[in-house]
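Per-entry structural report
Chain by chain, the residues:
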Amino acid sequence: MTAETKKKLTKDSGILILLVGLTGAGKSHFINVLAGTQNTAPEGDSLTPKTGEVGHYVVEAPLGSGGGTPQKLILVDTPGFDGETSGGGDAAVLVNIFKWLTEHCDGIRLGGIIYFHPLTHDRGAVHYIKIKEANPGEVHETSLMRYLRGFATRLGQNRLMLVTTKWESATQWKEDFTKRHDRMSEVWKPLVDAGATIWRFPDNLGSAELIIQNLVKQETLPLSRIQGPPSQESSTHKRAVDWSCGLLVNK
Ligand SMILES: Nc1nc2c(ncn2[C@@H]2O[C@H](COP(=O)(O)OP(=O)(O)OP(=O)(O)O)[C@@H](O)[C@H]2O)c(=O)[nH]1
Ligand SMILES: [Mg+2]
């Protein structure tokens, strides 16, 4: 397992998997579980956002029960949504992701995107939907939900994995987290309708491997699937902003 920063990532480097999610949801922790170490990707404490910049880690893809040829995974760790580490909120996180992909990748194939949500967030649905008190029947999606729907739509079936984390905290909460997970599944229905799938990560290697195996058993995709067609715009920043705005457009 290594953190590599200089060489461009090509189709021979491995399969790229993008890890995104709320700050503190456990993106970096997931990498460490897969790597079998505690400090490959720096994890945060319980109070402050940690990962401030996009970066990647290389791990061997877990082989399924049928064996197969060993492959490398390029796990891309990203700053958390709602973390405000870079200022500018979720849109700024997306702009950073686009810039990183543009600067560091040259032909690498995409396996998919894993999105993390911690069940410890009370009223976790607020990250995705808003319901007006005056009209409870009217549900509005947050921009985060619309970004995720943009990813799901562009990726197609089974490529956006929505993963609930921090299951073992349920014992301290004295609450059945299955209910929270099921509630999130209802909230995420528009994402599932767009092709996303929902998974549980009870903080062990087996469940991390299961999630990864279900991604990599499918054909890989060109990175352009999420980046969109080549733009005439010469400035990377402008292209990144156009891209993040494009994700908001419902298609
Ligand atoms: N109990 C439990 N703790 C977890 C789990 N995942 C992460 N943690 C802990 O939660 C804290 C935050 O995890 P990180 O992996 O740093 O979260 P992150 O999503 O990378 O957060 P940012 O880098 O701020 O975006 C750390 O103390 C982790 O050890 C989990 O599944 N269960
Ligand atoms: Mg992190």
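Residues numbered from 1 in each chain as written. Chains lettered and ligands numbered in written order. Predicted model: local features only at pLDDT ≥ 70, side-chain atom pairs only at ≥ 80, totals over all residues.

Let's talk about the overall build of the protein chain
The test is simple: Segments assigned H or I by DSSP are reported as helices when at least four residues long, segments assigned E as strands when at least two residues long, and all are numbered from the N terminus. The globule rule used for comparison is 2.2 Å times the number of residues to the exponent 0.38, while the radius of gyration itself is calculated over C-alpha atoms. Remark: C-beta atoms are placed from the backbone, and a residue is labelled buried if 20 or more other C-beta atoms sit within 10 Å of its own, exposed if 12 or fewer do, or partly exposed between those counts.
Helices and strands together make up the secondary structure of the protein chain, namely nine helices and ten strands. Taken over C-alpha atoms, the radius of gyration comes to 18 Å for the protein chain, in line with the 18 Å a tight globule of 251 residues would show. By its C-alpha atoms, the protein chain is 50 × 45 × 35 Å across when sized along the principal axes. Looking at the protein chain as a whole, 40% of its 251 residues qualify as buried.

Focus on the site of ligand 1
Threshold: Only the C-beta atom matters for nearness: placed from the backbone, it must lie within 6 Å of the molecule or strand for the residue to count as near. Gly is placed with the polar residues, together with every amino acid not listed as nonpolar (Ala, Val, Leu, Ile, Met, Phe, Trp, Tyr, Cys and Pro) or charged (Asp, Glu, Lys and Arg).
Taken together, 24 residues lie around ligand 1, and Gly26, Ser28, His29, Thr51 and Gly80 are the ones closest in. In terms of residue count, the dominant contributor to the shell around ligand 1 is helix 1 (residues 27–35) (three residues). Looking at the shell around ligand 1, its residues break down into five nonpolar, twelve polar and seven charged.

Topic: the packing of helix 2 (residues 89–104) against helix 9 (residues 236–248)
Inclusion rule: Note on geometry: axes are C-alpha line fits, over the in-contact stretch for helices, and angles between N-to-C directions span 0 to 180 degrees. Should an angle lie under 35 degrees it is considered roughly parallel, over 145 roughly antiparallel, and from 65 to 115 roughly perpendicular; all remaining angles are considered oblique. What makes a crossing left-handed is the near helix being turned counterclockwise from the far one by less than a right angle; a clockwise turn instead makes it right-handed. The contact rule is simple: place each C-beta atom from the backbone, and if two of them lie within 7 Å, those residues are in contact.
Running from N to C, helix 2 and helix 9 cross one another at 125°; their axes reach a closest spacing of 9 Å. Of the possible angle classes, the one that applies to helix 2 and helix 9 is oblique. Handedness of the helix 2/helix 9 crossing: right-handed. On the side of helix 2, the interface is formed by Ala91, Leu94, Val95, Phe98, Lys99 and Thr102, while helix 9 contributes Thr236, Ala240, Val241, Trp243, Ser244 and Leu247. Looking at the contact of helix 2 with helix 9 residue by residue, the class counts come to eight nonpolar, three polar and one charged.

Examining the environment of Lys72
Inspection of the secondary structure assignment puts Lys72 in strand 4 (residues 72–77). The spacing of Lys72 and Gly14 is 58 residues in sequence and 4.5 Å in space, taken between C-alpha atoms. Not counting residues within four places of it along the chain, the set of residues in contact with Lys72 comprises Ser13, Gly14, Val58, Glu60 and Ala61.

Quick notes on the nonpolar core
Among soluble globular proteins, nonpolar side chains are generally buried collectively. Condition: To count as a nonpolar core, a set of buried Ala, Val, Leu, Ile, Met, Phe, Trp, Tyr and Cys residues must be joined through C-beta atoms within 7 Å.
Among the nonpolar cores identified, the biggest contains 61 residues, and Leu16, Ile17, Ile114, Tyr115, Phe151 and Leu160 are the most heavily contacted of them. Not counting residues within four places of it along the chain, the set of residues in contact with Phe151 comprises Ile113, Leu160, Ile226 and Leu247.

Let's talk about unusual backbone geometry
The backbone of Arg123 shows a phi angle near 50°, a positive value even though the residue is not glycine. For Arg123, a count of 8 C-beta atoms within 10 Å translates into the label exposed.

Quick look at helix 9
Applied cut-off: In a helix, the anticipated span is given by 1.5 Å times the number of residues less one. Arc definition: directions from the helix axis to the C-beta atoms.
Compared with the 18 Å implied by 1.5 Å per residue over 13 residues, the 19 Å span of helix 9 between its first and last C-alpha is a close match. Residues of helix 9 that are buried include every one of Arg239, Ala240, Trp243, Ser244 and Leu247, and no others. One side of helix 9 holds all its buried residues, which, seen down the axis, span an arc of 135°. Seen from the open side of helix 9, the exposed residues pointing more than 90 degrees away from its buried face are His237, Lys238 and Cys245. Looking at the packing, one finds that the buried side of helix 9 touches helix 2, helix 3 (143–155) and helix 8 (224–227).

Digging into the pairing of strand 4
Cut-off, in case you're wondering: Think of it this way: DSSP has to see at least two bridges between two strands before they count as a pair.
Extensive coverage of strand 4 is indicated by the burial of five of its six residues. With five bridges joining them, strand 2 (residues 15–21) and strand 4 adopt parallel strand pairing. In the sheet register, Leu19 faces strand 4, and the bridge partner there is Asp77. Pairing geometry for strand 3 (residues 55–60) and strand 4, over six bridges, is antiparallel. Within the sheet, the bridge partner assigned to Glu60 lies in strand 4 and is Lys72.

Observations concerning helix 1
Among the nine residues in helix 1, eight count as buried, and that is most of the element. At the exit of helix 1 stands Gly36, carrying a positive phi of roughly 75°.

Focus: the environment of Lys174
Along the chain, Lys174 falls in the loop between helix 4 (170–173) and helix 5 (177–187). It is 31 Å that separates the C-alpha atoms of Lys174 and Ala35, two residues lying 139 residues apart in sequence.

Some words on the environment of Ser143
Assignment of secondary structure puts Ser143 in helix 3. Among the residues examined, Ser143 registers 15 C-beta atoms within 10 Å and is labelled partly exposed. On a C-alpha basis, the gap between Ser143 and Leu248 in space is 7.0 Å, while along the polypeptide they are 105 residues apart. Beyond its immediate stretch of four places on either side in the chain, Ser143 contacts Asp90 and Leu248.

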